[in-house]
Amino acid sequence: MSENSKHIKSSEFLEDTKVSYQNRNPSGVLLSLWTELNSVRLIYLSNAPAHLTPTHISWQPSVNAGTHHTDRYANAELTVRRGQSFTITLYFNRPQQAGESLAFVTEIGPSPSESHRTRAVFNLSEVGASGWSAVQGPSESGYTNFTISSPANAVIGRYNLTLQVISGNKISSRFLGQFVLLFNPWCPGDDVYMANENERQEYVLNENGVIFVGNARYIEARGWYYGQFQDQLLNICLTMLDLSLYYRQAPAIDVSRRGDPKYVGRVISSMINGNDNDNGVLLGKWQGSFHSHENPSRWDGSVVILQKWRQDNYKPVQYGQCWVFAGVMCTVLRCLGIPTRLVSNFNSAHDVDRNLSIDKYYDSSGKSLNIGKDSTWDYHVWNESWFIRPDLGMSYSGWQVLDATPQEQSKGLFQCGPASVIAIKEGDVNLDYDTLFVYTEVNADCNRWIVYKDGTKKRVYCDTEIIGRFISTKAVGSNSRVDITSNYKYPEGSPEERRVYKKALAKIFGSNTTGRHTEFPEERSSETVRNPGISGKFKLAEPPVFGKDIALILVLNNLTSDRKVVKVDMSASSILYTRRAVAEILKATTSVDLGSKQGKHIQVKIPYSHYGKYLTTDKRIQVTALCEVMHMNGVKLLVEKTITLEDTNIIIKIPRRVVVNKAVTLEISYANPLPEPVNRCVLLVTLMNQQVKINLARLAPRERSKIYFEFTPRRTGPLQLQVDFSCDKFSHIKGFVTIAVAPA
């Protein structure tokens, strides 16, 4: 441990905000509104007539926000949920007289209309056709309470609220202000209703998340800060809807459809990526240099991305990858009130031609070829949102897949979902939206082909079980991983799984499809190889650690009593998590003599000096062995393994008890795992979107050091602290911890 440990004191977190602004009422009378999270005073700059006129409004923010679970939003205006009443208080210039009656008007969007359900006029104590209603409470010395109720299927967004005073044939209108209406998972009549309170706390109100990455054999947890209640986030999310191509093409119709969570979810999935020239939030990039822009591994949360998008006048932020797109979309959907979570699918298929087959190609020496459009990603992260599906039938309600990563266009845009998880499991791939694409991500067959110099191809491998493994999400109330694979598919090889696969094939290719291995055009034009009579697999001799040599064993077994001579062409390449090859780091050929039923071990070593400079931040290596049984007319076996190198842990030590408004000191230790010194060391410590950059001294080979970090939490509850360590030889080694902040 380095003796030059640092002690860092951060700035304090979480300040209150106040907003001052001006607006005009529909009749053009200038109003000055001072908002201090409690009331608005209405001053009319004209000679006020003797008509009954509101002079002051209280939005009752503390009461309304508490009952509507919106008390954590940082915006000043009233924010409530649909299908639930809220109370306002109006002060008038005089008491209401006989013959005078009151009504309210709510309006949303650029062209409010009752036919589009974007405008509602409702008298007191009457439920209008729109479902809006208002009830007058008792009047006290110049003020009156009103309870306003919205329908459970109301359009969500920012509303104008106007009071109408009706006296005989005369109607005078006074603009009262604006409020925001959100989806309501606490309301049984809302499409997003979620019955379990613990799940509502997790999937709507939790600002801290965990994303599972790595590969099927080495799953890692990565912290992510959603921050859906932070300053300006609600305004940014509402603006996002107004920037979409849907809104540009038909503004009034688009706004009228915003009461439907499946519509809102689909629009947001198109807006998180910027691939449609639609002012989307993020551009994706999976290869090449990230100079002058952010490496996707740099991001630890959504708030800084969304704020940067706004500050840059809604120009897409560079860059994102699947977990970043999913993290940002989770923030937006939770902010709008739709219960949402992140889901990681390991060995995730990207089937471009949608034939339920993923085809990967290698040359005759076993080197992976970047040809063909299909791919298998080590992992892919998408979102699930919770709502009913009356368009499909109520049996398809529940979790719905939404995916903002720009992979394939759907109806002309880079958008995906909502696809019912139940429909995916049952093979109903014809149902809206993009169910076939998601079904393939978890169920496709995996085929491996050898491409010879003359262009001919031979299929040497087909695996029907490898795709869609360890589908994972964060547990409710903890950072544990929950396996939800059974939500998406029946057990591999089971009668139910075969039935569903045949059902899906029939819906794609017609009812004459009977077997799992349907013959596709590629197979008809290329020879499919025979069983080679040998088996093989790679085993790690020890855990693969970044900075150390990798020790592998290729295990070959002769499955027959006949002697076999096997030529082994081995290749290793650094790859991305999408398994796209970056650089070849090993190529070797050997020969193995296998006697009757004999097995042999071949030692393989990949030194750090060979792979170090070719790794990306994904830290992945793919090793292949193409094993040809001699004198059998080219019969071959392909053995393949993807290795994710383990990072040296960042260790964060916290006190047993952390109390609100009291300074706390953490110990953060970090290390250089390499056999060489590293320079330009930087530690980034992030708390609730506030980041401290700490420049550190160089580290000697294999050296571990530490700092002490002090901060003062300003609220009780869970608080996620994230640490990111980089230097001149590697970047973005991650660590995080969730701190339980207790009351004083």
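Definitions and limits used
- Residues numbered from 1 in each chain as written.
- Predicted model: local features only at pLDDT ≥ 70, side-chain atom pairs only at ≥ 80, totals over all residues.
- Heavy atoms only, no water.
- Helix = DSSP H or I, 4+ residues; strand = E, 2+ residues; numbered from the N terminus.
- Rg over C-alpha atoms; globule rule 2.2 N^0.38 Å.
- Buried < 20%, exposed > 50% of the residue type's maximum accessible area, 1.4 Å probe, protein only.
- Areas by Shrake-Rupley, 256 points an atom, 1.4 Å probe, with all protein chains shown as cover.
- Pairing = 2+ DSSP bridges.
- Axes fitted to C-alpha atoms, helices over the stretch in contact; angles between N-to-C directions.
- Phe/Tyr/Trp six-rings, centres within 6.5 Å; stacked < 30°, edge-to-face > 60°.
- Lys NZ or Arg CZ within 6 Å of the ring centre and 35° of its normal.
- Expected span 1.5 Å × (residues − 1).
- Arc of directions from axis to C-beta.
- Contact = heavy atoms within 4.5 Å.
- Patch = residues over 30% accessible without salt bridge, like charges linked within 9 Å, V, L, I, M, F, W, Y side chains within 5 Å.
- Salt bridge = Lys/Arg side-chain N within 4 Å of Asp/Glu carboxyl O.
- Lys, Arg positive; Asp, Glu negative; His and termini not counted.
- Charge placed at Lys NZ, Arg CZ, Asp CG, Glu CD.
- Disulfide = S-S within 2.5 Å.
- Core = buried A, V, L, I, M, F, W, Y, C linked by side-chain atoms within 4.5 Å.
- pLDDT = per-residue confidence, 0-100.

Draft legend 1. Focus on the overall build of the protein. Helices and strands together make up the secondary structure of the protein, namely 14 helices and 43 strands. On C-alpha atoms alone, the protein measures out to a radius of gyration of 30 Å, which is about the 27 Å that the 2.2 N^0.38 rule sets for 744 residues. Dimensions of the protein, computed from the C-alpha atoms along their principal axes, are close to 105 × 75 × 40 Å. Looking at the protein as a whole, 56% of its 744 residues qualify as buried. For the protein, the accessible surface area stands at approximately 30,400 Å², while carbon and sulfur atoms represent 47% of it.

Draft legend 2. Examining the sheet that holds strand β6 (residues 78–81) more closely. Spatial ordering of the open sheet is given by β6-β13-β12-β8-β9, a layout of five strands whose pairing is mixed. Looking at the sheet topology across the chains shown, the edges are occupied by β6 and β9 (119–123). Pairwise comparison of adjacent strand axes, ignoring direction, gives a mean angle of 35 degrees for this sheet. Two elements, β6 and strand β13 (residues 170–182), share four bridges in a ladder whose sense is parallel. Across the sheet, residue V80 finds its bridge partner in β13, namely L181.

Draft legend 3. Representation of the packing of aromatic side chains within the structure. Tallying each qualifying case throughout the model produces 28 aromatic pairs. With centroids separated by 5.9 Å and ring planes inclined at 20 degrees, the aromatic side chains of F122 and W132 adopt a geometry described as stacked. Of this pair, F122 sits in strand β9 while W132 sits in the loop between β9 and β10 (133–140), and the two are 10 residues apart along the sequence. The exposure class assigned to W132 is buried, which follows from its relative accessible area of 4%. Relative to F730, the ring of F546 has its centre 5.7 Å away and its plane inclined at 90 degrees; by these criteria the two rings are edge-to-face. Placement of F546 in the loop between β29 (534–540) and β30 (550–558) and of F730 in the loop between β42 (717–726) and β43 (733–742) is noted, with a sequence separation of 184 residues between them. The exposure class assigned to F546 is buried, which follows from its relative accessible area of 4%. Given the relative accessible area of 6%, F730 is considered buried. Put simply, the rings of F86, F104, F122, W132, F146, Y159 and F179 pair up and form one aromatic cluster. When the ring centre of W399 is taken as reference, the NZ or CZ atom of R341 above it lies at 4.1 Å.

Draft legend 4. Expanded view of helix α12 (residues 495–509). A rise of 1.5 Å per residue sets the reference length of α12, with its 15 residues, at 21 Å; its end C-alpha atoms lie 21 Å apart and thus fit the reference within 8%. Of all the residues in α12, the buried ones are E497, V500, Y501, A504 and L505. Summarising the axial view, the buried residues of α12 lie within an arc of 135 degrees, below the 170-degree limit, and thus occupy one face. Each element contacted by the buried residues of α12 is listed here: α9 (421–425), α10 (435–443) and β24 (445–451). Positive backbone phi, at 115 degrees, marks G510, one or two positions downstream of α12.

Draft legend 5. The arrangement of the sheet that holds strand β32 (residues 581–594) in detail. Strand order in this open sheet of four strands is β32-β31-β34-β35, and the pairing throughout is antiparallel. Either end of the sheet is taken by a strand with one partner, and the two such strands are β32 and β35 (636–644). Between one strand axis and the next, the sheet turns by 15 degrees as a mean value, whatever way the strands run. Of the strand pairs in this sheet, strand β34 (residues 620–629) and β35 are connected by nine bridges, and their pairing is antiparallel. When the bridges of β35 are listed, Q622 appears paired with T642.

Draft legend 6. Layout of a positive patch on the surface. On the surface, R217, R469, K537 and K539 cluster together to form a positively charged patch. With respect to the element layout, K537 can be found in strand β29.

Draft legend 7. A look at the state of the cysteines. Summed over all chains, the structure comprises zero disulfides. A disulfide-free cysteine, C237 has its sulfur positioned 3.8 Å from the sulfur of C335, the nearest such atom. The structure places no disulfide on C446, whose sulfur is separated from the nearest cysteine sulfur, that of C462, by 7.8 Å.

Draft legend 8. Just the pairing of strand β8 (residues 100–107), in detail. The buried count for β8 comes to six of eight residues, which makes it a mostly enclosed element. Judged from the eight bridges that link them, β8 and strand β12 (residues 157–167) form a sheet pairing that is antiparallel. Residue pairing across strands places V105 opposite T162, the latter belonging to β12. With five bridges joining them, β8 and β9 adopt antiparallel strand pairing. Directly across from E107, in β9, lies its bridge partner R119.

Draft legend 9. Geometry of the environment of R222. Here R222 is to be found in strand β15 (residues 218–225). Classification of R222 as buried rests on a relative accessible area of 17%. Once the C-alpha coordinates of R222 and I553 are considered, the two residues, 331 residues apart in sequence, prove to be 30 Å apart. Setting aside residues no more than four positions away along its own chain, R222 makes contact with G209, V210, I211, V213, W323, K734 and F736.

Draft legend 10. Inspection of the pattern of salt bridges at higher detail. Taken as a whole and assessed by the stated rule, the structure comprises 33 salt bridges. Between K734 and D724 there is a salt bridge whose closest N-O contact spans 2.7 Å. One end of the pair, K734, is in strand β43; the other, D724, is in strand β42, and 10 residues separate them in sequence. With relative accessibility at 22%, the residue K734 sits in the partly exposed group.

Draft legend 11. Here's a closer look at the nonpolar core. Counting residues in hydrophobic clusters, the biggest one holds 127 residues, and the most contacted among them are I272, W309, V568, Y611, L721 and F725. Per element, the largest residue contribution to this core is 12 residues, and it comes from helix α8 (residues 322–336). Beyond its immediate stretch of four places on either side in the chain, L721 contacts I652, L666, V685, T686, L687, F709, F711, G735, F736, V737 and I739. By size, the runner-up hydrophobic cluster in this structure holds 30 residues, among which are W59, F92, W132 and A134.

Draft legend 12. Broad picture of the confidence of the model for the protein. Residue-level pLDDT values for the protein average 89, and 90% of them are 70 or greater. Taken as a whole, residues 514–529 scores under 50 in pLDDT and shows 39 contacts with residues more than four places along the chain or in a different chain.

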